[in-house]
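Structural features, examined
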2 protein chains.
Amino acid sequence: MFEVVKRLLVGRPLRSARLGETLLPKRLALPVFCSDPISSVAYATEQIVLALAAGGVAALRLTPWVGVAVAALLIVVVTSYRQTCYAYPNGGGAFVVSRDNLGESAALVAASALLVDYVMTVAVSIVSGVVAITSALRSLAPHAVALSVAFVLVLALANLRGTKESGRVFAVPTYGFIGLTLLMFLIGAIRGLGGTLPPAETAAQPLPPTTAFGGIFTLLLLLRAFASGCTALTGVEAISNGVPAFRKPKSRNAALTLSAMGAIAIVMFGGITALAVTLHAHANPDGNPSVISQIAGSVFGAGSPLFYLYQAATAAILVLAANTAFNGFPVLASILGRNRYLPRQLHNRGDRLVFSNGILLLAAAAAALIIGFDANIDKLIQLYILGVFTSFTLSQFGMVKHWHRELATGPDPRQRRRIRRAQATNLVGALVTAVVLVVVFATKIEHGAWLAVAAMIVLFFLMRAINRYYARVSAEVAPDQTPLTLPASVHAVVLISRLHKPALRALAFAKATRPDVLEALTLATDDEETRELRRTWEQHEITVPLKVLEAPYRDLLRPLLDYIRRLRRDQPRAVIAVYIPEYVTTRWWQTLLHNQSALRIKARLLFTPGVIVINVPYQLGVASQGWLGNDQLRTTR
Amino acid sequence: MFEVVKRLLVGRPLRSARLGETLLPKRLALPVFCSDPISSVAYATEQIVLALAAGGVAALRLTPWVGVAVAALLIVVVTSYRQTCYAYPNGGGAFVVSRDNLGESAALVAASALLVDYVMTVAVSIVSGVVAITSALRSLAPHAVALSVAFVLVLALANLRGTKESGRVFAVPTYGFIGLTLLMFLIGAIRGLGGTLPPAETAAQPLPPTTAFGGIFTLLLLLRAFASGCTALTGVEAISNGVPAFRKPKSRNAALTLSAMGAIAIVMFGGITALAVTLHAHANPDGNPSVISQIAGSVFGAGSPLFYLYQAATAAILVLAANTAFNGFPVLASILGRNRYLPRQLHNRGDRLVFSNGILLLAAAAAALIIGFDANIDKLIQLYILGVFTSFTLSQFGMVKHWHRELATGPDPRQRRRIRRAQATNLVGALVTAVVLVVVFATKIEHGAWLAVAAMIVLFFLMRAINRYYARVSAEVAPDQTPLTLPASVHAVVLISRLHKPALRALAFAKATRPDVLEALTLATDDEETRELRRTWEQHEITVPLKVLEAPYRDLLRPLLDYIRRLRRDQPRAVIAVYIPEYVTTRWWQTLLHNQSALRIKARLLFTPGVIVINVPYQLGVASQGWLGNDQLRTTR
């Protein structure tokens, strides 16, 4: 029944050999990996304007310069990550780069930062999209949490169906948003040149008076605005995580997609910032109306069909930004699982050749976060830039070290120059992102960023503990050089309650294994039943000796375990094979009618060293059981 | 942990040999078995008065005659059941009598009637007691359901600790109630003779005018009042169910207790009825104030300490009436379990030598009923007289037939006279209770009695179905006369994922059983892992052949099941022994870190005919595993 539902939802399973077909062409890779950065640029300008507004009109005039700085950093980070795509074609992003160059602890910091970031991305993106929807349709506002969780499930399902499937589904909204934004620029340019462009809604809003302008205050304000604007960079590293998902040549395609994404992001960011400055759009702390909707209102005309279409596309791209996480997280979790920092189950590909366990884990964590924070965007949004910039910084420092080692292998002068250039790029990027990290941490710590830091710390120690555990188990069960040693002797015990077909089958099989000692064991809970058993035993002339254990407290386990312990004490070199005949029930109500003691005995015996448990099942209601009762069998006593 | 709590609540387990110590002396048997009848008489008068009031003052004058009729029936039924105690000293009451004399269907009707009745008794008694408490302490009224369920649990716990323990605990309230009632009679007589006895509270209440008095109306009214008054008889059969719980001589002690109970019941019933008539007490439909509390108010003085003490004792005896059911139901369920009409687990005695499963089942059913009816006394109270009188009727008709068969064995004339006398008693009782059954059914059917009937019908068919199922299974697994046949050949398959200690242990044990064919099997989910396995296999020079199954869909079960099916097709006479090495985890979090595929494979294989599953456990973290790695072992390849 579960199988039927699963097939309906997810589709037919794919053979492992078809993994090549699931690889992404560049045009589908963009919606899959780049929806987060593209949606971020829609809001980066707003964050800059909001931060600068605290300094009054004069500070707002610096908006273009801050924008330029953010765009420059974006170029640096994109160039930096292009190197990573070539240097590490098996994916893994910041984790692999850090592990190879900076050591295990740095790698785990990067990994936990990314994991936390991905979960937050899903939660924040979807809640932002739902907020956009509920501000348009007020009646849905009380159901924000349910709506958000529903979107999480929809995204998870689309990704469970397959990477290319999710790419096709999300291509339309993604390219649609890009297209509409470019259209907005075009129309805005035309109308602006023609002079028919109205100012933004909030243009007339009063600002706080320009405070003491100069020195340290300005610098801090600029840093804060710059750090807020860096939200435009979130999601850039996802492609470097997922290089293996690209078609061949994987590194080249990944790098090209990254460049394309960078170009699109800069164009959109630049255009939005330019329009925001031109239209004197101000940002409200509660995000309503958003800067981008004000621009659309001015350019398309407030209330026009294009305006509403753009609002819808904005909401869609916000929700889809989560899709980047749905492709980054499972791949990273799979790599961590393969390296034994997370449970190995995350490493397996599911029916559709995606990392199903990772997708489900992400969906569960994000849903828990949304429910826990009651879909409160203000609280959530402060948390997730930290993870991104931690991984940026570690990744780029790792690349610096990587090039350092490459130089040591003695390449020719032309290569040396190229390597040095790459190394310089990475170093600049690393330093700038490190500064941004500090600024972000300092400015956002009182808003709740400590929660993200706490989660990262917990994950760090958890992953390290898991790795140590797996290493300990591996060491414990590693085979040594001794050849295959057999047990000194086998002492077979067959548990009997009544002499029926299942018991006879267990006796027969125990005999067939030719143990050194064979005996049947029964527990005397009911004197009448024990006498009956002895009588039937003799009547069937069974040569296996029947031993009766006293069960003075009607308890089955204790006398059995005591007996086994005595056996082990007397013969420590023997292995005790316990044969348990049991009914196999096919219907649920049968379990109510048959004693479940076999199950309890089995479970308890599994914990007893030196004991092996043999289940001899008897399928009730199955006509032909083959052996036992069949005249083609050997007959012996 | 569960064990510790269980020990604290229930006490230390008792050896089976101590069963004799748990038998009841007569003085403790009274609180255990007779609390229901004794509490019923407290309310029987009220029911008679309530029913007669519909006919006006003239009808109320017939109250003493109805009371005499009820008392007479009580004597007949008590005498009748004394016979049953002697004739059936192994207990079982109506079920055993019906089965022996009237056939299986009648016995099942009696059994289902009694089972339903016992569950209702617990629910009704406890809810009545809680109603008495909440009418005194209004603040507890919203918590009636919780309070009722709490009382159910307390009674269940007291009974789980042992029959004698529950008897001791409940002796004080039971004898206290009896004593206070007799005291009430004494004081009532003294004050009445002295003329200082005030009339009852409701004496001045107006009654409906005397309607057309005569003929069919009067007859119906009298029958209705008589049927309502028969609530005094509920619980009389419980002693005949539980004869085995008495000390020797069991039948005599049980019969004596029954007589004592009958005498006490008649005295109390007579006294209460006499006082009710004298004080002109009227009954209100909602039960407030109850007739017995009005009598206590007049005799002891409203608001006096004795009055409140009597109210408390009344509430206590109401709650304790459930204790009769807690001793009747488990014994009956045990007998039904032994005869395979109910799951056999109900037949086993628990740690304290009581039928724990029956006690728990009763508590669960009663609690469910209380919660389902929201502790609504009106709805519940209509339901449970049906079951009692069904079992009365069947039991007494059964005894009539029993004596008929005794007569056929040709006893001497003196015995014949005695038997005929007994037979006549039973016949009269049977006919009267049959009439009462019809009247009760007709008068209460619209009040919801259909629910009790429906429950009885469901139980009837359920018990018959269970019996048929057990019979079918027994026939299926009954051993035939063929001697112990061994399988034609044993084909051993050892499931390997990696070559570690657990896998080596499984291989070694499989070798030790000397099968006809031995091979190791692995599933190729990861090419790299499969290559590694082959390499290690050759490195360790293991002579067991390693077979690699393709797993194109990464699914472990299907390729394995297909392979096993092929094996069975090629060698239908072989048994396939699958050896599964597995980690045994001691901590809960370990299960998250290790693949649970072993469990799924095992479960699925149990359903495959011709396959035997051998668990080769490896206890993680246990230092000395004995065999394997120990130099005292035989070495072979």
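These numbers come from a predicted model, not from an experiment.

About the criteria used
- Residues numbered from 1 in each chain as written.
- Chains lettered and ligands numbered in written order.
- Predicted model: local features only at pLDDT ≥ 70, side-chain atom pairs only at ≥ 80, totals over all residues.
- Heavy atoms only, no water.
- Helix = DSSP H or I, 4+ residues; strand = E, 2+ residues; numbered from the N terminus.
- Phe/Tyr/Trp six-rings, centres within 6.5 Å; stacked < 30°, edge-to-face > 60°.
- Buried < 20%, exposed > 50% of the residue type's maximum accessible area, 1.4 Å probe, protein only.
- Lys NZ or Arg CZ within 6 Å of the ring centre and 35° of its normal.
- Domains from an automatic or database assignment.
- Contact = heavy atoms within 4.5 Å.
- Patch = residues over 30% accessible without salt bridge, like charges linked within 9 Å, V, L, I, M, F, W, Y side chains within 5 Å.
- Areas by Shrake-Rupley, 256 points an atom, 1.4 Å probe, with all protein chains shown as cover.
- Salt bridge = Lys/Arg side-chain N within 4 Å of Asp/Glu carboxyl O.
- Lys, Arg positive; Asp, Glu negative; His and termini not counted.
- Charge placed at Lys NZ, Arg CZ, Asp CG, Glu CD.
- Buried area = accessible area lost by both parts, 1.4 Å probe.
- Polar contact = N/O pair within 3.5 Å; in protein donor to acceptor, adjacent residues only side chain to side chain.
- Pairing = 2+ DSSP bridges.
- Arc of directions from axis to C-beta.
- Least-squares fit on C-alpha atoms with pLDDT ≥ 70 in both.
- Right-handed = clockwise from strand over helix to strand, strands pointing away.
- Axes fitted to C-alpha atoms, helices over the stretch in contact; angles between N-to-C directions.

Moving on: the environment of A574 of chain B. Mapped onto the elements of the fold, A574 of chain B is located in strand 5 (residues 574-584). In this structure the C-alpha to C-alpha distance between A574 of chain B and A204 of chain B, which are 370 residues apart in sequence, comes to 91 Å.

Next up on the list: the packing of aromatic side chains. All names here are of chain A. Taken as a whole and judged by the stated rule, the model has 20 aromatic pairs over all chains. Taking the centre distance of 5.4 Å and the plane angle of 65 degrees together, the rings of F307 and Y308 count as edge-to-face. Judged by its relative accessible area of 13%, F307 is buried. Since its relative accessible area comes to 53%, Y308 is described here as exposed. Here the aromatic residues Y81, F389 and F392 are joined through ring pairs into a cluster of three or more. Its guanidinium or amino end placed over the ring of Y470, R340 lies 5.5 Å from that ring's centre, counting from NZ or CZ.

Here the bond from K248 of chain A into P249 of chain A is cis, since omega is -5 degrees, no more than 30 degrees from zero. Examined against the element boundaries, P249 of chain A turns out to sit in the loop between helix 11 (238-241) and helix 12 (250-278). Of note in the backbone geometry, E541 of chain A takes a positive phi value of approximately 55 degrees without being a glycine. Tracing the sequence through the fold places E541 of chain A in the loop between helix 21 (527-539) and strand 4 (546-550). At H280 of chain B, a position not held by glycine, the phi torsion is positive, near 55 degrees. Mapped onto the secondary structure, H280 of chain B falls in the loop between helix 12 (250-278) and helix 13 (291-300).

Here the focus is the domain arrangement of chain A. One frequent convention defines the size of an interface as the accessible area lost when the parts assemble. Here chain A is partitioned into domain 1 (2-378) and domain 2 (489-635). On a C-alpha basis, the centroid separation for the pair domain 1 of chain A and domain 2 of chain A is 62 Å.

All names here are of chain B. Here L362 shows up in helix 15 (residues 356-372). A C-alpha to C-alpha distance of 49 Å links L362 and P572, two positions 210 residues apart in sequence. What L362 contacts, discounting residues up to four positions off in sequence, is Y118, V119, V122, A325, F326 and F329.

All names here are of chain A. Note that F2 resides in helix 1 (residues 2-10). Note on F2: relative accessible area 63%, which makes it exposed. For the pair F2 and M120, spaced 118 residues apart in the sequence, the C-alpha separation amounts to 31 Å.

Judged by side-chain charge, R414, R417, R418 and R421 of chain A come together as a positively charged surface patch. The residue R417 of chain A is located in helix 18 (residues 413-444) in this model.

Taken together, the 92 residues of chain A in the interface contact 91 residues of chain B. Of the roughly 8500 Å² buried between chain A and chain B on both sides combined, carbon and sulfur atoms contribute 57%. Looking at the side of chain A facing chain B, the largest losses of area belong to L484, L486 and R554 of chain A, adding up to 9% of the total buried there. Two residues, E529 of chain B and R344 of chain A, come together in a salt bridge whose shortest N-O distance is 2.5 Å. Inspection of the chain A/chain B interface yields seven residue pairs in polar contact (both at pLDDT 80 or more). Residue assignment for the side of chain A that touches chain B shows that the elements contributing at least two residues are helix 19 (449-477), strand 1 (485-486), helix 20 (501-512), strand 5 (574-584), helix 23 (590-593), helix 24 (597-606), strand 6 (611-619) and strand 7 (634-635) of chain A. For the side of chain A that touches chain B, the element with the most residues is strand 6 of chain A, which contributes nine residues. Both strand 6 of chain A and strand 6 (residues 611-619) of chain B contribute to a ladder of three bridges, which runs antiparallel. Counted as the bridge partner of V613 of chain A is N615 of chain B from strand 6 of chain B.

Glancing now at helix 24 (residues 597-606) of chain B. Residues and elements named next belong to chain B. Along helix 24, the residues classified as buried are S597, A598, I601, K602, L605 and L606. Summarising the axial view, the buried residues of helix 24 lie within an arc of 165 degrees, below the 170-degree limit, and thus occupy one face. Of the residues in helix 24, the exposed ones pointing more than 90 degrees away from the buried face are L599 and R600.

Residues and elements named next belong to chain A. On the surface, a nonpolar cluster with roughly 550 Å² of combined accessible area is contributed by I216, F217, L219, L220, L223 and V435. Here the element with the most residues in the nonpolar patch is helix 10 (residues 215-229); it accounts for five residues. Summarising the element assignment, L220 is placed in helix 10. With a relative accessible area of 52%, L220 lands in the exposed category.

On to the relation of the copies chain A and chain B. For the match of chain A to chain B, the screw axis carries a shift of 0.0 Å, the RMSD comes to 0.2 Å, and the turn is 180 degrees. Taken together, the rotation and translation describe the operation of a two-fold axis. Both copies contact each other with a shared surface, as 99% of the interface residues of chain A are interface residues in chain B too.

The subject of this paragraph is the pairing of strand 3 (residues 517-524) of chain A. Residues and elements named next belong to chain A. Counting buried positions along strand 3 gives seven out of eight residues, so the element sits mostly inside the fold. In this structure, strand 2 (residues 489-495) lies alongside strand 3, joined through five bridges in parallel fashion. Across the sheet, the residue bridging to V493 is E519, located in strand 3. Handedness of the strand 2-helix 20-strand 3 crossover: right-handed. Of the pairings in the sheet, the one linking strand 3 to strand 4 comprises five bridges and is parallel in character. Along strand 4, the bridge assignment pairs L523 with L549. With helix 21 bridging strand 3 and the parallel strand 4, this β-α-β connection has right-handed handedness.

Here we have 10 strands laid out as an open sheet, ordered 4(A)-3(A)-2(A)-5(A)-6(A)-6(B)-5(B)-2(B)-3(B)-4(B), and mixed in their pairing. A strand with exactly one partner marks an edge of an open sheet, and here the two such strands are strand 4 of chain A together with strand 4 (546-550) of chain B. Averaged over all pairs of adjacent strands, the angle between their axes in this sheet comes to 30 degrees, without regard to strand direction. Running at roughly 175 degrees to strand 4 of chain B, helix 21 (residues 527-539) of chain B makes contact with strand 3 (517-524) and strand 4 of chain B of the sheet.

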